[in-house]
Amino acid sequence: MKHFQQFIETFCRISAQEREDLEALFEPVTIKKMDHVFTAGDSIRDLIYFDEGICRVYLIKDGEEFTTKFLTGPCIYAELFSIRNNTPTFINIQSINVTCYYRASFAKVEKMMQDNANLRKLFLKLYEHIYILGTKRQISFIKDSQTERYFKLLTEQPELLQTVPLQFIASFLGMKPETLSRIRKKMK
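Since the structure is predicted, the reported quantities are computational estimates derived from the model, not experimental observations. (Residues numbered from 1 in each chain as written. Predicted model: local features only at pLDDT ≥ 70, side-chain atom pairs only at ≥ 80, totals over all residues. Heavy atoms only, no water.)

1. A few points about the sheet that holds strand β2 (residues 36–38)
In step 1: As summarised here, the arrangement of the four strands in space is β2-β7-β4-β5, forming an open sheet in which the pairing is antiparallel. Both outer strands of the open sheet, β2 and β5 (64–72), are each paired with one neighbouring strand and no more. When the angles between neighbouring strand axes are averaged without regard to direction, this sheet yields 30 degrees. (Pairing = 2+ DSSP bridges. Helix = DSSP H or I, 4+ residues; strand = E, 2+ residues; numbered from the N terminus. Axes fitted to C-alpha atoms, helices over the stretch in contact; angles between N-to-C directions.)

Shown next as structure tokens:
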């Protein structure tokens, strides 16, 4: 977890002991590239931390995959629908190039947050950040053209275009791969 401290400090300062206590809840999990962290139908109970690499989050409807986001390390992810409702998840997380991630019991992290004001503040800031990113994406789908969405991705997250297969990028941008090819061709 070499980037954990830096990641945490982008949201909130916590003491070295608080960070160590939080880190101690996480255990490493090895994964192969293109394998899944979890799939639709799994019951999720863990908070997941990606130190490095990229994963994609996607749903399947009528046999078609719809990429909803990319998780670029360092980042934390919680499948709150499954955790809070105690139901199986309806999403999938697939490693693009992650070979190790870390998981911690959401209940244990939450207990630690209840007992520590700094950790509550940290997770409030983290959830706020995640909410803002989700809202920004929703607004983009309403307001921006497909070309504008591609250009924003190109300028804001160019590493995705160098690492992620184009069919996943197209799905994320809400277009077919052929449309993405045409847009890329025009921009060159």
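Let us keep going from here.
2. A closer look at the side chain of Glu18
In step 1: Mapped onto the elements of the fold, Glu18 is located in helix α2 (residues 16–23).
In step 2: Despite its burial, Glu18 pairs with no opposite charge, the nearest such side chain being Arg19 at 9.2 Å.
In step 3: A distance of 2.9 Å separates the side chain of Glu18 from the side chain of Asn116, its partner in a polar contact.
In step 4: If we skip the residues at most four places from it in the chain, Glu18 touches Asn116 and Asn118. (Buried < 20%, exposed > 50% of the residue type's maximum accessible area, 1.4 Å probe, protein only. Lys, Arg positive; Asp, Glu negative; His and termini not counted. Salt bridge = Lys/Arg side-chain N within 4 Å of Asp/Glu carboxyl O. Polar contact = N/O pair within 3.5 Å; in protein donor to acceptor, adjacent residues only side chain to side chain. Contact = heavy atoms within 4.5 Å.)

3. Thoughts on unusual backbone geometry
In step 1: Cis geometry marks the peptide bond from Gly73 to Pro74, where omega comes out at 0 degrees.
In step 2: Here Pro74 lies in the loop between β5 and β6 (75–78).
In step 3: Backbone geometry at Met34 places phi at a positive 75 degrees, although glycine is not the residue there.

4. Structural notes on the packing of aromatic side chains
In step 1: As enumerated under the stated definition, the model contains ten aromatic pairs in all.
In step 2: Centroid distance Phe123 to Tyr127: 6.2 Å. Interplanar angle 50 degrees. Geometry classified as tilted. Taken together, the positions of Phe123 and Tyr127, both in helix α5 (residues 117–143) and four residues apart, correspond to about one turn of that helix.
In step 3: For Phe123, a relative accessible area of 2% translates into the label buried.
In step 4: Residue classification places Tyr127 among the partly exposed positions, given a relative accessible area of 30%. (Phe/Tyr/Trp six-rings, centres within 6.5 Å; stacked < 30°, edge-to-face > 60°.)

5. Some points on a nonpolar patch on the surface
In step 1: A cluster of nonpolar side chains, namely Phe151, Leu154 and Met187, defines an oily patch on the protein surface of about 250 Å² accessible area.
In step 2: Following the sequence through the fold, Leu154 ends up in helix α6 (residues 146–156).
In step 3: Among the residues examined, Leu154 registers a relative accessible area of 34% and is labelled partly exposed. (Patch = residues over 30% accessible without salt bridge, like charges linked within 9 Å, V, L, I, M, F, W, Y side chains within 5 Å. Areas by Shrake-Rupley, 256 points an atom, 1.4 Å probe, with all protein chains shown as cover.)

6. A few points about the packing of helix α8 (residues 166–173) against helix α9 (residues 177–187)
Think of two packed helices as two axes; the pair is described by the angle between the axes and how far apart they sit.
In step 1: Close contact between α8 and α9 brings their axes to 8 Å; oriented N to C, the two are set at 95 degrees. Between α8 and α9, the crossing angle belongs to the class labelled roughly perpendicular. Of the residues in α9, those in contact with Leu166, Gln167, Ile169, Ala170 and Leu173 of α8 are Pro177, Leu180 and Arg184.
In step 2: When its residues are assigned to classes, the contact of α8 with α9 shows six nonpolar, one polar and one charged. (Parallel < 35°, antiparallel > 145°, perpendicular 65-115°, else oblique. Nonpolar A, V, L, I, M, F, W, Y, C, P; charged D, E, K, R; others polar.)

7. Examining the layout of surface pockets
In step 1: Taken as a whole, the largest pocket spans an internal volume of roughly 1,500 Å³.
In step 2: What lines the largest pocket is a set of 43 residues, and nearest its centre among them are Lys69, Phe70, Ile130, Leu133 and Gly134.
In step 3: Elements supplying a minimum of two residues to the lining of the largest pocket: α1 (4–9), β4 (54–61), β5, β6, α3 (80–85), α5, α6 and α8.
In step 4: Counting residues per element, the lining of the largest pocket draws most heavily on α5, which supplies 13 residues.
In step 5: Along the lines of polarity and charge, the residues of the lining of the largest pocket split into 26 nonpolar, ten polar and seven charged.
In step 6: Its boundaries defined by the atoms lining it, the second largest pocket holds a volume of some 260 Å³.
In step 7: In terms of lining residues, the second largest pocket is bounded by 17 residues, among which Glu64, Glu65, Phe66, Ser171 and Met175 are the most central.
In step 8: Of all the elements in the fold, those that place two or more residues in the lining of the second largest pocket are β5, α5 and α8.
In step 9: For the lining of the second largest pocket, a count of residues per class yields seven nonpolar, five polar and five charged. (1 Å grid on protein atoms, 1.4 Å probe; cavity = no way out; pocket = protein on both sides within 12 Å on 5 of 7 lines; lining within 4 Å. Points joined across faces, edges and corners; volume = space filled by probe spheres on them.)

8. Details of the nonpolar core
In step 1: Membership of the largest hydrophobic core comes to 39 residues, with the highest contact counts inside it found for Leu22, Val37, Phe50, Ile93 and Leu122.
In step 2: Those elements giving two or more residues to this core turn out to be α1, β2, β3 (46–50), β4, β6, β8 (100–105), α4 (106–114) and α5.
In step 3: Contacts of Leu122, omitting those with residues within four sequence positions, involve Ile8, Phe11, Cys12, Ile14 and Leu22. (Core = buried A, V, L, I, M, F, W, Y, C linked by side-chain atoms within 4.5 Å.)

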